[in-house]
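Structure at a glance
So the chains spell out like this:
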Amino acid sequence: MISNLAKAGWRFKRPSVIPGFGLTLGFTLAYLALIVLIPLTGLVWRSASLGFTGFWHVAVDPRTVNALKISFGTALVAALINVVFGVIVAWVLVRYRFPGRRIIDAIVDLPFALPTAVAGIALTSLYAKNGWIGHFLEPLGIKVAFTPTGITIALIFVGLPFVVRTVQPVMEEIRKEVEEAAATLGANRFQTITRVLLPGLQPAILTGFALAFARAVGEYGSVIFIAGNLPYVSEIAPLLIVIRLEEFDYAGATAIATIMLLLSFFMLFVINLIQAWSRRRYGYGA
């Protein structure tokens, strides 16, 4: 009996070449609680001071609903566009060798290093009706700046690196011999991409999409200038939170932030479920 318990305990705590599991796990939980859980709990607790009626009043307010639609709608569109073009950019950087490749590879990381306010000012100067690109679009009746279209362009700018840098390492691990083997078995290029390459890239693509979407939902600096901040037209939820804070409506600001938190958590949870299904479906992890 004792020997069986000893064996069970030995199986429960397996020896490892890397010691300190308990210490590192405790530090991880404490760090996450201090940096993530406690602030989010305080946010929800502060919004709870409104009561259910007050919270519901803020949630169904037309201005709040419209701002949330713009924030989540443009973030979703921008993330989907980044998935398509981000995979293409990663493919070019991985599969081809050409002059200036390292420069292009470095430019991909530019949105990480560039201050978001600078990006917003630059995009506004380009797409305003008297800008370098905007004055060509204006005669065609296409207005970009101070519309949701401009917001989407700004979010595409800040979200592209997340998709490229997530897909690129996985794509580098797929050897060219796999594509050549598919070709020798009679697969055309479309079949090779859809049946050989994409199944292996799908978890990374979903991760890149989730990161780009999460960044876009909370983006403020690069959007604030090109959005124009017109209520019911181009006002984003983060800006509405700032407006409520300037009005000293702290409970209303935290209520909007809590709604954004719940919606973001739900969408990321669904993405993670799809990601787990993809890994099980194609055999890339349990």
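The structure we're discussing is the one just above.
These numbers come from a predicted model, not from an experiment.

**Let's talk about unusual backbone geometry**
- Of note in the backbone geometry, Phe146 takes a positive phi value of approximately 65° without being a glycine.
- Locating Phe146 in the fold gives a position in the loop between helix H8 (134-137) and helix H9 (148-173).
- Overall, the relative accessible area of 33% leaves Phe146 in the partly exposed class.
- Backbone geometry at Tyr232 places phi at a positive 65°, although glycine is not the residue there.
- Following the sequence through the fold, Tyr232 ends up in the loop between helix H12 (221-227) and helix H13 (237-246).

**Considering the nonpolar core**
- Grouped together as the largest cluster of nonpolar side chains are 59 residues, with contacts concentrated most on Ile151, Leu155, Val167, Met171, Val223 and Met260.
- Among the secondary structure elements, those contributing two or more residues to this core are helix H3 (51-59), helix H4 (62-95), helix H7 (116-127), H9, helix H11 (189-217), H12, H13 and helix H14 (250-282).
- With 13 residues, the top contributor of residues to this core is H4.
- Setting aside anything within four residues of it in sequence, one finds Ile151 in contact with Ile70, Thr74, Val223, Ile226, Ala227, Ser234 and Ile236.

**A few points about the pattern of salt bridges**
- Summed over all chains, the structure comprises five salt bridges.
- Between Glu235 and Arg63 there is a salt bridge; the shortest N-O distance is 2.6 Å. Here the residue Glu235 occupies a position in the loop between H12 and H13, and Arg63 occupies one in helix H4, the gap between them amounting to 172 residues.
- As a salt-bridge pair, Glu247 and Arg244 come within 3.2 Å of each other at their nearest N and O atoms.

**Focus on the packing of aromatic side chains**
- For the structure shown, the criterion picks out seven aromatic pairs.
- Ring centres of Phe52 and Trp56 lie 6.4 Å apart, and the angle between their planes is 15°; on these two criteria the pair is classed as stacked. With a gap of four residues between them, Phe52 and Trp56 both fall in helix H3, about one helical turn apart.
- Judged by its relative accessible area of 68%, Phe52 is exposed.
- The class of Trp56 is exposed, set by a relative accessible area of 52%.
- With 6.3 Å between their ring centres and 80° between their planes, Phe248 and Tyr250 make a pair best called edge-to-face.
- Judged by its relative accessible area of 62%, Phe248 is exposed.

Rules of the game
- Residues numbered from 1 in each chain as written.
- Predicted model: local features only at pLDDT ≥ 70, side-chain atom pairs only at ≥ 80, totals over all residues.
- Heavy atoms only, no water.
- Helix = DSSP H or I, 4+ residues; strand = E, 2+ residues; numbered from the N terminus.
- Buried < 20%, exposed > 50% of the residue type's maximum accessible area, 1.4 Å probe, protein only.
- Core = buried A, V, L, I, M, F, W, Y, C linked by side-chain atoms within 4.5 Å.
- Contact = heavy atoms within 4.5 Å.
- Salt bridge = Lys/Arg side-chain N within 4 Å of Asp/Glu carboxyl O.
- Phe/Tyr/Trp six-rings, centres within 6.5 Å; stacked < 30°, edge-to-face > 60°.

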